[in-house]
Amino acid sequence: MNETLPLPVGASRSKWDLVTRVLGTIDLHYHFRTRPLIRFFAKHERNRSVRIFEFGCGNGGNLLELRARRSSMIGVGMDIDRDFIRAAQISAKAKGFDGLSFVCTDSIDEIKDKPASFDYVMLIDVLEHLDDPSASLREAARMLKPGGSVLISVPTRRYPRIFGREYHEAVGHVRDGFNLQELDDLFGPSFERVQYNYNTGLIASAACACFYRFVPNIRSRKLAIFSMISLHLSRLVDVLNGESRSCSLWAVYRQVPMSPSSA
């Protein structure tokens, strides 16, 4: 799954190349929801070669970000959008990243890698797009090694208010968001939550509200670029976070080993 920002009126994609080299992707919220993912691997997986599977990988941004920092990782992404998968494949090739593969499919059974062969499964802003998130979560978890972990990011119920109901529905959200208890219930007793935090807090939310509501409609390309750069500075001060103040919820759930009696 992927949520993309429309370009300002009259702007072509090629004209934004220099901007994206400096800022990274122009999608402001992408940086807020990806930051805890990058920090997690920097802290917990510094030296070990890991295998990562991403369910609903979109254009591959998350796996590409991680691969840029970890040359030894193996990553497999799946998504149902053929254009996104092609974009991910092109990006991986252009960057010379081996060890990454992207597959256009709606079934894990079509993935060549064996089930139960990955250290981590990622669902980054995916569950809010699904009519039956618990079923999809069970499918994705089949790819985990025993004792592996699911890394997950979801919007909270503040998301539609901050980003606007029109944008919220346009990107394909079928529910307004999740709270921590709902995530715990989805994972059930076979997983334990080992980490969580909120991001896109008060200051960042204000920046995102401006960014997604106004930047795509600015007709002056120079003004749009200036506005984007100014709003991206909010990434430095995303500190006022909490359950009632943030748009995004990040969590890590580790698979509980089965006892011999339950095997």
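### Focus: the overall build of the protein chain
Counting its secondary structure elements, the protein chain contains 10 helices and seven strands. The buried share of the protein chain, taken over its 263 residues, is 51%. Restricting the contact set of the protein chain to residue pairs at least 6 apart, pairs at least 24 apart contribute 79%. Accessible surface, the protein chain: about 12900 Å² in total, of which carbon and sulfur atoms supply 52%.

### Regarding helix 9 (residues 202–214)
In a regular helix each residue adds 1.5 Å, so 13 residues correspond to 18 Å; helix 9 covers 18 Å between its end C-alpha atoms and thus fits that length. Considered for burial, the residues of helix 9 that qualify are Ala 204, Ser 205, Ala 207, Cys 208, Ala 209, Phe 211 and Tyr 212. Buried residues in helix 9 make contact with helix 2 (28–44), helix 6 (159–163), helix 7 (165–170) and helix 10 (221–232).

### Quick notes on the side chain of Asn 199
Structurally, Asn 199 can be placed in strand 6 (residues 191–199). For Asn 199, a relative accessible area of 4% puts it in the buried group. One polar contact links Asn 199 to Thr 200, side chain to side chain, over a distance of 3.2 Å. In this structure, Asn 199 is in contact with Phe 32, Arg 33, Pro 36, Asp 238, Asn 241, Ser 246, Cys 247, Ser 248 and Trp 250, ignoring residues within four places of it in sequence.

### Comments concerning the pattern of salt bridges
All told, the structure shown has 14 salt bridges when counted by the stated rule. Between Arg 69 and Glu 65 there is a salt bridge whose closest N-O contact spans 2.9 Å. One end of the pair, Arg 69, and the other, Glu 65, are both in helix 3 (residues 61–69), four residues apart, so they sit about a helical turn from each other. The partly exposed category is assigned to Glu 65, whose relative accessible area is 24%. Between Arg 157 and Glu 182 there is a salt bridge whose closest N-O contact spans 2.6 Å. Highlighted residues: Arg 157 in the loop between strand 5 (144–155) and helix 6 and Glu 182 in helix 8 (residues 180–187), separated in sequence by 25 residues. Residue classification places Arg 157 among the partly exposed residues on the basis of a relative accessible area of 40%. Each of Asp 27, Arg 33 and Asp 125 takes part in salt bridges that share partners, so that together they form one network.

### Considering the pairing of strand 2 (residues 74–79)
Note on strand geometry: in a regular strand, side chains alternate between the two faces of the sheet. When you tally the buried positions in strand 2, you get five out of six residues, the bulk of the element. Bridge count for strand 1 (residues 51–55) against strand 2 is five bridges, and the pairing is parallel. By the bridge assignment, Arg 51 is partnered in strand 2 with Ile 74. With helix 3 bridging strand 1 and its parallel neighbour strand 2, the resulting β-α-β unit is right-handed. In this structure, strand 2 lies alongside strand 3 (residues 100–104), joined through five bridges in parallel fashion. When the sheet's bridge partners are listed, Met 78 is paired in strand 3 with Val 103.

### With respect to the nonpolar core
Of all hydrophobic cores here, the largest spans 29 residues; its most connected members are Phe 53, Phe 55, Leu 123, Ile 152 and Leu 183. Counting only elements with at least two residues in this core, the list comes to strand 1, strand 2, strand 4 (118–124), helix 5 (133–141), strand 5, helix 8, strand 6 and strand 7 (248–255). No other element matches the four residues that strand 5 contributes to this core. If we skip the residues at most four places from it in the chain, Leu 183 touches Leu 127, Ile 152, Val 154, Phe 178, Leu 249, Ala 251 and Tyr 253. Cys 57, Met 73, Ile 85 and Trp 250 belong to the second largest nonpolar core, which has 22 residues in total.

### A closer look at the pairing of strand 5
Extensive coverage of strand 5 is indicated by the burial of nine of its 12 residues. In terms of strand pairing, strand 4 meets strand 5 through six bridges, oriented parallel. Each bridged residue has a counterpart across the sheet, and for Val 121 the counterpart in strand 5 is Val 150. Where the polypeptide runs from strand 4 across helix 5 and back to strand 5, its parallel neighbour, the crossover connection is right-handed. With seven bridges joining them, strand 5 and strand 7 adopt antiparallel strand pairing. Within strand 7, the residue paired with Val 154 across the bridge is Leu 249.

Cut-offs applied
- Each residue is numbered by its place in its chain's sequence as written, counting from 1.
- The predicted nature of this model means local features are confined to residues of pLDDT at least 70 and side-chain atom pairs, given and counted, to a pLDDT of 80 or more, with totals for whole chains, interfaces and linings taken over all residues.
- Remark: hydrogens and water are excluded; side-chain values derive from all non-hydrogen atoms of the structure.
- A helix here means a DSSP run of H or I that spans at least four residues, while a strand means a run of E at least two residues long, and both kinds are numbered starting from the N terminus.
- Note on exposure labels: buried denotes an accessible area under 20% of the residue type's maximum, exposed denotes more than 50%, and partly exposed covers the range between, all computed with a 1.4 Å probe on protein chains only.
- Throughout, a residue-residue contact means that at least one pair of heavy atoms, one from each residue, lies within 4.5 Å.
- Methods summary: accessible areas were calculated by the Shrake-Rupley approach with a probe of 1.4 Å, and residue burial reflects only the protein chains presented.
- In this analysis, the expected span of each helix is defined as 1.5 Å times one less than the number of residues it contains.
- Polar contacts, as used here, are pairs of N or O atoms within 3.5 Å; protein pairs need one atom able to donate a hydrogen and one able to accept it. Residues neighboring in sequence count only if both atoms are side-chain atoms.
- Each reported salt bridge corresponds to a side-chain nitrogen of Lys or Arg within 4 Å of a carboxyl oxygen of Asp or Glu.
- Following DSSP output, two strands are said to pair if at least two bridges run between them.
- When the strands point away from the viewer and the connection leading from the first strand across the helix to the second strand turns clockwise, the crossover is called right-handed.
- Side-chain atoms within 4.5 Å link the members of a nonpolar core, which is a set of buried Ala, Val, Leu, Ile, Met, Phe, Trp, Tyr and Cys residues.

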